[in-house]
Amino acid sequence: MCGLCGFTGEVVDRDQVLETMTELITHRGPDSRGFFTDSGISMGFRRLSIIDLEQGSQPIFNEDKTLVLMFNGEIYNYRQLREQLVQKGHRFATETDSEVLVHGFEEWGEQLLNRLRGMFAFAIWNTKDQSLFLARDFFGIKPMHYTQVGQSFVYASEIKSILPFPGFEKKFNRRALDNYLSFQYAVPPETFFEGVYCLLPGHYLWYRDGKVTTTRYFDPTYAPDDSITEEQAIDDIERVFEDSVNAHKISDVEVGCFLSSGVDSSYVASYFPGQKTFTVGFDFGERYNEISWAKNLSEQIGVDHYTKLISSEEFWSSIPKVQYHMDQPLADPSCIALYFVSKLASEHVKVVLSGEGADELFGGYPVYNEPRVFKWYQRLIPGCVRRGMARLVSAVPFFFRGQSFVIRGSRETEDKFIGNAFMYSLEDKKKLLKDPSIATAPQALCKPYYDHVRGYDGETKMQYLDINLWMVGDILLKADRMSMANSLELRVPFLDKEVFAVARKLPTRLRVNKKNTKYAMRQAALRHLPPATAQKKKLGFPVPTRVWLKDKKYYDVVSEAFHSETAKQFFNTDVIMKYLDDHFNGKWDNSRKVWTIYIFLVWYEIYFGDKAQSQQQ
C-alpha cells in the first residue's frame, strides 16, 4: 500500500513543497519514496513494499516515458493483464502490478478501468499534452482527494497532505458539519475543508487546460434473478469467494487476517490455516470482548491467534491520534478499536485481509429486515391512514407495545432510512446548532440514490444506498486510515467485482429473510465454519462507549469539551449537556449522540484549534 500526492503548475520552492506534502503521508509507505517533476507537474510518492520488493518503486513509466504513473493499491489480475499487454508489444521493466496500469492506460485509455480487478487510486501524467488522469476503484477502498488553488490542481491520498500547499486557505466547511450530525461522517464528495473534495468510488477524473471533469465508470446496481435456487446461490458464492480470497493473498510478504466473532472475518480466516489472525477486545464482559470466541474458532480452523485487551485509558488517550489520521471526524467508535487491531497486526505482518463489505453486498444489517416486516401492513393500510395513526400514537405520553411499529410503518423506506448511522434529525439539528440555518433534511442527500433505483424493493434500495454512502464514508474510510496509520495494508476480498457480480444477482429472499440476514452467504460459510459462527447474528464491533459515559471520570472529560469555546461556537451548550446528563443519569441511551458531538470537538481542535497538528506534524 502506498500514498501519493502532487500538484500542477509552477510553485516557489516546489521541491520543498512536494517533499513536505509527501512526508505528511510517510505512514502510508515507510519503505521508500519517489518524486517526478517537469514543467507542468510535481508528483510525490511513499511506498509500502508488497509486490516486487526490489524493483517496484515509483514513479513508473511507459517505454518512451511519455506517461508517468503513481499508484496506491493492488491489482490482483495483473499477471493476466501483463500477458495481454506483452502480446500487444508492450515491454515491461519490472514485475510489479503497478506497471500494468501505465501500459494498460496507453493501450486502452479509460477502458482499462473495467479490466482491472483490485483496489486502487492512481494518477497518470501525460507529458505530451500536459493532462492529468486520476482514478478510484469500484467501491472506494482506496482514497483520493483534490482541490484547486489558483492555477494549480492539487491531489493527495489524504487531506493532510494538501493543507500545506502554498496559497491553500484552510476553511471550515459548515455544510459538512450539518451532514456529519445526521450521518456521523462527512458525506462524499464534500469534506470538512471547503473546496477539498473526494473523488467518488467508481469514478475517474481528467484535469485538462485548467478544467476538472469527472465521470462514473462503475455503478454497483443490482439485477436480482429470481430463478436462482438456494443451492445454486451457495455454490456460486463459495466458488467466487474462494477465488477472491486466493487472489487477495497474492503477495511477496506474509499475509494475515483480522478475526472477530462474526461470520464475515471468520469466513475469510477459514482460508488461512497455519497463518496469523488478530483480535482485540475490551474488559467489560463478553458483550464487548470477542477474544475468547475468536480464540476458540482459531483453534478449530488451525490458525495462530494474537490478541490484545484495550484498556479504557488506552482507548481514550488514543482518540486525538486517531482523529488526526482520519483527516475528518468519524463518530464510529469502532475506528479506534480498528486502530489497535491494526497496530497489533503490524507487529507481525505487512498485509491483512478483513471482512468489510459483506453486509452491504449480501444484505447483512438487521435494519434491512424492515421492508419485509412492514410489507403487508403498508399494503393493507393506506398511507394517509398510517400517517394519521402514527401522529396519534406519537402524542401518547408513555411508551406502549407496538408504538414503534406504528410509527416506523407509517413511513416509506426513502423517508426513514438514510443509512446505518442516523444520528440527528432536521428538528434535532435546529435545536442543538448555534446556527440552525445550516440544518438540512438528511433525506435530501439520499434522494438521488433512491431515485436511481426507484424500481427496486426496499431491501435492495437500502443496500444500494449503503454501498454508495455508509460504506464509503464510514466502513472503508476507517479501514484505510487506521491500517495505513500503522503502515499496514488491508485487503477486503468481499469487495471484489467478481464477488459483486454474484451478489447483485441474488434474489432478495436469499439476502434477507425471516431466518437471517446475509442468508445465502451464511449458508456458503457454513460449509467452512461451525454453525454457531456461520449463523451468529450481526453485532458490529462492540465498543463500550455507553458504559464509559456513565463513568464520572469520562463524563467529566466530555463535559469539559461540551463547555469549551469550540462547543459554544457551534452548539447550544444547554442542549448538548442535556444529552450527556440524561445519559449519565440513565434516562436515555444517548451515547451515540453524545459521542458524535464529542468526536467533532476533538477533531476540530486538532485541525482548526490553537494546537492544529496538521501544521505541526
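Look up: the structure comes first, before these words.
Now for a look at the structure at hand. Just so it is clear, the model here is predicted, and its values are computed rather than measured.

Digging into the packing of aromatic side chains
Link 1 in the chain: All told, the structure shown has 67 aromatic pairs when counted by the stated rule.
Link 2 in the chain: Residues F172 and F600 carry aromatic rings whose centres are separated by 5.9 Å and whose planes lie at 55° to one another, so their mutual orientation is tilted. Linking F172 in the loop between β9 (152-156) and α4 (174-183) with F600 in helix α26 (residues 591-607), this pair joins segments that are 428 residues apart in sequence.
Link 3 in the chain: Ring geometry for F172 against Y604: centres 5.4 Å apart, planes inclined by 80°, an arrangement best described as edge-to-face. In this pair, F172 sits in the loop between β9 and α4 while Y604 sits in helix α26, placing the two residues 432 residues apart along the sequence.

Things to note about the state of the cysteines
Link 1 in the chain: Under the criterion given, the structure shown has zero disulfides.
Link 2 in the chain: There is no disulfide at C5, and the cysteine sulfur nearest it, in C2, is 12 Å away.
Link 3 in the chain: The exposure class of C5 is buried, given its relative accessible area of 0%.
Link 4 in the chain: You can see C446 has no disulfide; the closest cysteine sulfur is in C198, sitting 16 Å from it.

A word on the pattern of salt bridges
Link 1 in the chain: One pass over the structure, following the stated rule, counts 40 salt bridges.
Link 2 in the chain: Salt-bridge contacts for R33 lead to E23; the nearest nitrogen and oxygen are separated by 3.1 Å. Here E23 lies in helix α1 (residues 14-23) and R33 lies in strand β2 (residues 32-37), a separation of ten residues in the sequence.
Link 3 in the chain: With relative accessibility at 39%, the residue R33 sits in the partly exposed group.
Link 4 in the chain: Since its relative accessible area comes to 36%, E23 is described here as partly exposed.
Link 5 in the chain: Between D327 and R481 there is a salt bridge; the shortest N-O distance is 3.5 Å. Highlighted residues: D327 in the loop between α8 (312-326) and α9 (334-346) and R481 in helix α18 (residues 470-484), separated in sequence by 154 residues.
Link 6 in the chain: Residue class for D327 comes out buried when judged on its relative accessible area of 0%.
Link 7 in the chain: Ionic contacts of the salt-bridge type, sharing partners, join the residues R28, K142, E158, K160, D327, D480 and R481 into one network.

Regarding the side chain of T533
Link 1 in the chain: Locating T533 in the fold gives a position in helix α21 (residues 531-534).
Link 2 in the chain: On the basis of relative accessible area, T533 is assigned to the buried category, the value being 4%.
Link 3 in the chain: When neighbours within four sequence positions are excluded, T533 is seen to be in contact with S261, G262, V263, S266, W293 and L297.

Topic: helix α16 (residues 443-452)
Link 1 in the chain: Taken together, the buried positions of α16 are occupied by Q443, C446, Y449 and Y450. All buried residues of α16 fall inside an arc of 115° around its axis, so they share one side. For α16, the exposed residues set more than 90 degrees away from the buried face come down to A444 and P448.
Link 2 in the chain: As for α16, its buried residues are in contact with α4, α14 (413-416) and α17 (458-468).

Reading the values: rules and limits
Residues numbered from 1 in each chain as written. Predicted model: local features only at pLDDT ≥ 70, side-chain atom pairs only at ≥ 80, totals over all residues. Heavy atoms only, no water. Phe/Tyr/Trp six-rings, centres within 6.5 Å; stacked < 30°, edge-to-face > 60°. Helix = DSSP H or I, 4+ residues; strand = E, 2+ residues; numbered from the N terminus. Disulfide = S-S within 2.5 Å. Buried < 20%, exposed > 50% of the residue type's maximum accessible area, 1.4 Å probe, protein only. Salt bridge = Lys/Arg side-chain N within 4 Å of Asp/Glu carboxyl O. Contact = heavy atoms within 4.5 Å. Arc of directions from axis to C-beta.

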